[in-house]
Number of protein chains: 2
Amino acid sequence: MALVVQKYGGTSVGDIEKIRSVATRVIENHRQGNQMVVVLSAIAGQTDALIKLAGEIGPDPDPRELDVLISTGEQVSVALFAMAVKSMGYDARSLLGFQVAIHTDHLYGKARIHEIETERIRKELDQHRIVAVAGFQGLDDHGNITTLGRGGSDTTAVALAAALKADVCEIYTDVDGIYTTDPSVCPKARKMDTLSYDEMLEMASLGAKVLEIRSVEFAKKFEVPIHVRSTFTNERGTMVIGETKDMEKVLVSGVAYNKNEARVTIRKVPDRPGIASQIFDPIFKSGIVVDMIVQNTSEDGLTDLTFTVLKPDFYKTMRLVGDVAKGIGAERVLGDEDIAKVSIIGVGMRSHAGVAKKMFAALAGENINIMMISTSEIKISCVIEEKYTELAVRVLHKAFGLDHEEKEGQ
Amino acid sequence: MALVVQKYGGTSVGDIEKIRSVATRVIENHRQGNQMVVVLSAIAGQTDALIKLAGEIGPDPDPRELDVLISTGEQVSVALFAMAVKSMGYDARSLLGFQVAIHTDHLYGKARIHEIETERIRKELDQHRIVAVAGFQGLDDHGNITTLGRGGSDTTAVALAAALKADVCEIYTDVDGIYTTDPSVCPKARKMDTLSYDEMLEMASLGAKVLEIRSVEFAKKFEVPIHVRSTFTNERGTMVIGETKDMEKVLVSGVAYNKNEARVTIRKVPDRPGIASQIFDPIFKSGIVVDMIVQNTSEDGLTDLTFTVLKPDFYKTMRLVGDVAKGIGAERVLGDEDIAKVSIIGVGMRSHAGVAKKMFAALAGENINIMMISTSEIKISCVIEEKYTELAVRVLHKAFGLDHEEKEGQ
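Conventions adopted
- Throughout this document, residue positions are counted from 1 along each chain, in the order its sequence is written.
- Chains carry letters and ligands carry numbers; both start at the beginning, A for chains and 1 for ligands, and go up in the order they are written.
- Since the coordinates come from a predicted model, pLDDT governs what is reported: local features require at least 70, and pairs of side-chain atoms require 80 or more to be given and counted, while whole-chain, interface and lining totals use all residues.
- Numbering goes from the N terminus for both helices and strands, where a helix is a DSSP run of H or I of at least four residues and a strand is a run of E of at least two.
- Each radius of gyration is computed over the set of C-alpha atoms, and the globule rule expresses the reference value as 2.2 Å times the number of residues to the power 0.38.
- Counts of 20 or more other C-beta atoms within 10 Å of a residue's own C-beta define buried residues, counts of 12 or fewer define exposed ones, and intermediate counts define partly exposed ones; C-beta atoms are placed from the backbone.
- Two strands qualify as a pair provided that DSSP identifies no fewer than 2 bridges between them.
- Fitting a line to C-alpha atoms yields each axis, with helices limited to the stretch in contact; the angle taken between N-to-C directions then spans 0 to 180 degrees.
- We call two residues in contact when the distance between their C-beta atoms, placed using the backbone, is within 7 Å.
- Throughout, the term roughly parallel applies to angles under 35 degrees, roughly antiparallel to angles over 145, roughly perpendicular to angles from 65 to 115, and oblique to all others.
- Take the far helix as the reference: if the near one is turned anticlockwise from it by less than a right angle, the crossing is left-handed, and if turned clockwise, right-handed.
- Classification convention: Asp, Glu, Lys, Arg as charged; Ala, Val, Leu, Ile, Met, Phe, Trp, Tyr, Cys, Pro as nonpolar; all other residues, Gly among them, as polar.
- Note that the domain bounds reflect an automated or database-derived domain assignment.
- Here, expected helix span is obtained from the residue count minus one, scaled by 1.5 Å.
- Regarding the arc, it is the one traced by the directions from the helix axis to the C-beta atoms.

**Looking at the overall build of chain A**
And then number 1: Counting secondary structure elements, chain A contains 14 helices and 20 strands.
And then number 2: Taken over C-alpha atoms, the radius of gyration comes to 24 Å for chain A, in line with the 22 Å a tight globule of 410 residues would show.
And then number 3: Seen along its three principal axes, the alpha-carbon backbone of chain A occupies a region of about 80 × 60 × 30 Å.
And then number 4: The burial tally for chain A puts 48% of its 410 residues in the buried class.

As structure tokens, this is what we get:
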């Protein structure tokens, strides 16, 4: 008998018919002798509809009350799901954040889970009930409702799996697993069987939005195996697990890309101590997230500084940097929105040399110019012209032996 | 400084614009130095929409989960209201049933309030916050969400007012008070200034659906003054309070009617001990509510027994009674759906003679035949042919000096 935590996203519970078929699937698992804890998101579109309603009251709705409002979405889902299970002759109970209880800090809209009580859930499981837990929501120390931010139901599921010491945490979604790259860009993309937490973290932060990044951090910390799979098939999906020896044999596991960044360059910055903090302080203070930062070697006491920010922050950043540049006597500020970042990811890089060389050569072979480079232990990212994104992804996917024909030929 | 509990119904918070104007009104009260606790219903139509959604899962949705589902309606209202208040520069906090906490028994869908904690509300009030409490919902001993049944928000408001020892409980609705009778039937109906709890109870149970009956019972028990008034004007409405000497001076306070009953007569029932329970046992067991029961004096050991039930229960009742009638050897069973009940209500009846005589004479004056009569201390009800309902109401309203012209002439 296994204890299984399953999480179903908004599209998986998109309407009454789908909720019923999720109930059927969960009952099937229950009948096989498993203890089932099911985490549900709001019905697809519900959270956005509620946020829109709040927007009609006025801009910047009170964060505490926004959480009270949007947490109703998951409440509706778990109630309907438990009704569906009961209507099929099995016993089920819905539990909200305060009933579990899921304790969080008090950061409305992006709360972090501190602790999950397991007594109530275990009591329901001991009564042979299927337990449906509302995702995305928790309770702070003063009994206020909090929400965990976008994708928070993934975090709820993984945290519950950790607290309950579940055998596996299955994340059901509308894709059938994690792919070596975006299949809509590269038709030869392949579903991965396994992936390490670290690889998944790099994939997630680079724009492969299947799993919420915090849930993967949680899974890594508590060694919860995650199984990402499709709601609409019975196929095995992708296991996200701790690193194994086998993984290191593969040079590169996946190729990611991100078109949502823009580049800012400050030309001829006087190269003196404290200059970087002078430039970045106003940016950080505005809550703008800076991704890559590259500073060239100084020449005649002047250097070029280049960094990337998210596209929605581009104009604000240009304004802020323009002011600073004048103050510090830099030559000028250049901006470029037409860029993209392509990255190769793989724990195998740690033990293999020449990965970067192979990447640069593959891009050069298609005359794709590299504007910026940034590396980590298990990732290499290059900024290129946006129009080459798809080509670059396909070229890298092939170069590192990820295309599915080659796989089949092995 | 007064502590005021206000309750706004579904039409009062029917859309964002209305929620904003409720916020404006509450802030005005708050600025006048009052401590404000506001109970809100779900946005008009929301509860029905949620019940419909549950119905799509299947008939007879699980009662526990139905309460989890429909309690989201009030949660949405209080969150939006608190946002609206905050957007206008005043401080507000929404509190759900579990946060207050409002403790109930475990009868899902029709729970009764056992106890209301006041600590959290007082703490928020002490911080000069406007407190918005979700109506209709509570929590049982096991931390499960319960709801109080239709009109439950009235009960929440009155119970809160009792627990907080509020100075007044204002029930805001889409009418401007309690009328001497239904204005759509009798254009000369007059808004009452004051009304006793007992009169209101008779009015409510007879079909004047302004206040939920349990909330009036609660108010009577804890002596909470209720002020029923309109959300859309600033006029004084009707005060529902304990009985005063003044009230007894008025013979009849109001005229009520109810077209939702049907009549069942069993002819020539053998008049022997235990016969009534033989007849009514199967009816009560089926959960059918019997209103009036009249048994004529026995003649030759045979009697006629007549009673009324709600129209939706009529056919079921006829079937049940048909079976019993055969068993006990009664002659036959007659049914009549085309009936109505008209009633006059007033605490003044206690100290005045001749009220019944005046009622019967007024009806007779219009050739309206009385089929059944039932009386209580402060009420006389007559069953008549349904087609005469409106005429009867107008005639009684005039006969007892309730028409507004006469009022103005005093």
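**Quick look at the sheet that holds strand E17 (residues 332–336) of chain B**
All names here are of chain B.
And then number 1: Strand order in this open sheet of four strands is E15-E16-E14-E17, and the pairing throughout is antiparallel. Two strands in the sheet have a free side with no partner beyond their single neighbour: strand E15 (290–295) and E17. For this sheet, the mean inter-axis angle between neighbouring strands, taken without regard to orientation, is 15°.
And then number 2: Sheet topology note: the E15/strand E16 (residues 302–310) ladder contains four bridges and is antiparallel. What sits directly across from glutamine 295, in E16, is leucine 305.
And then number 3: In the packing of helix H10 (residues 275–285) onto the sheet, contacts are made with strand E14 (261–270), E15 and E16, and the angle to E14 comes to roughly 145°.
And then number 4: Along the sheet face, helix H11 (residues 314–328) touches E14, E16 and E17 and points at about 0° away from the line of E14.

**Remarks on the packing of helix H12 (residues 355–364) of chain B against helix H13 (residues 389–399) of chain B**
Residue and element names in this part refer to chain B.
And then number 1: At a closest axis distance of 9 Å, the pairing of H12 and H13 adopts a crossing angle of 130°. As judged from the angle between their axes, H12 and H13 are oblique. In terms of crossing hand, the pair formed by H12 and H13 is right-handed. For the pair H12 and H13, contact is made by Lys358, Met359, Ala362 and Leu363 and by Ala392, Val395, Leu396 and Ala399, respectively.
And then number 2: Split into classes, the residues belonging to the contact of H12 with H13 amount to seven nonpolar, no polar and one charged.

**Let's talk about the pairing of strand E9 (residues 168–173) of chain B**
Residue and element names in this part refer to chain B.
And then number 1: In terms of burial, E9 is a largely internal element, five of the six residues being buried.
And then number 2: Across five bridges, strand E1 (residues 3–8) lies against E9 in parallel orientation. Paired with lysine 7 across the strands is isoleucine 171, a residue of E9.
And then number 3: Summarising the sheet, E9 and strand E11 (residues 226–230) pair through five bridges and their orientation is parallel. From the neighbouring strand, isoleucine 171 faces E11, where its bridge partner is valine 228.

**Section: the domain arrangement of chain A**
And then number 1: In terms of domains, chain A is made up of domain 1 (3–174) and domain 2 (244–410).
And then number 2: A separation of 37 Å is found between the C-alpha centroids of domain 1 of chain A and domain 2 of chain A.

**Considerations on helix H11 (residues 314–328) of chain A**
Residue and element names in this part refer to chain A.
And then number 1: Given a rise of 1.5 Å per residue, 15 residues ought to cover 21 Å, and the 21 Å separating the end C-alpha atoms of H11 matches this to within 8%.
And then number 2: Taken residue by residue, H11 has Thr317, Leu320 and Val321 as its buried positions. Seen end-on, H11 carries its buried residues on one side only, within an arc spanning 95°. For H11, the exposed residues set more than 90 degrees away from the buried face come down to Tyr315, Arg319, Asp323 and Lys326.
And then number 3: Its buried side turned inward, H11 meets strand E14 (261–270), helix H10 (275–285), strand E16 (302–310) and strand E17 (332–336).

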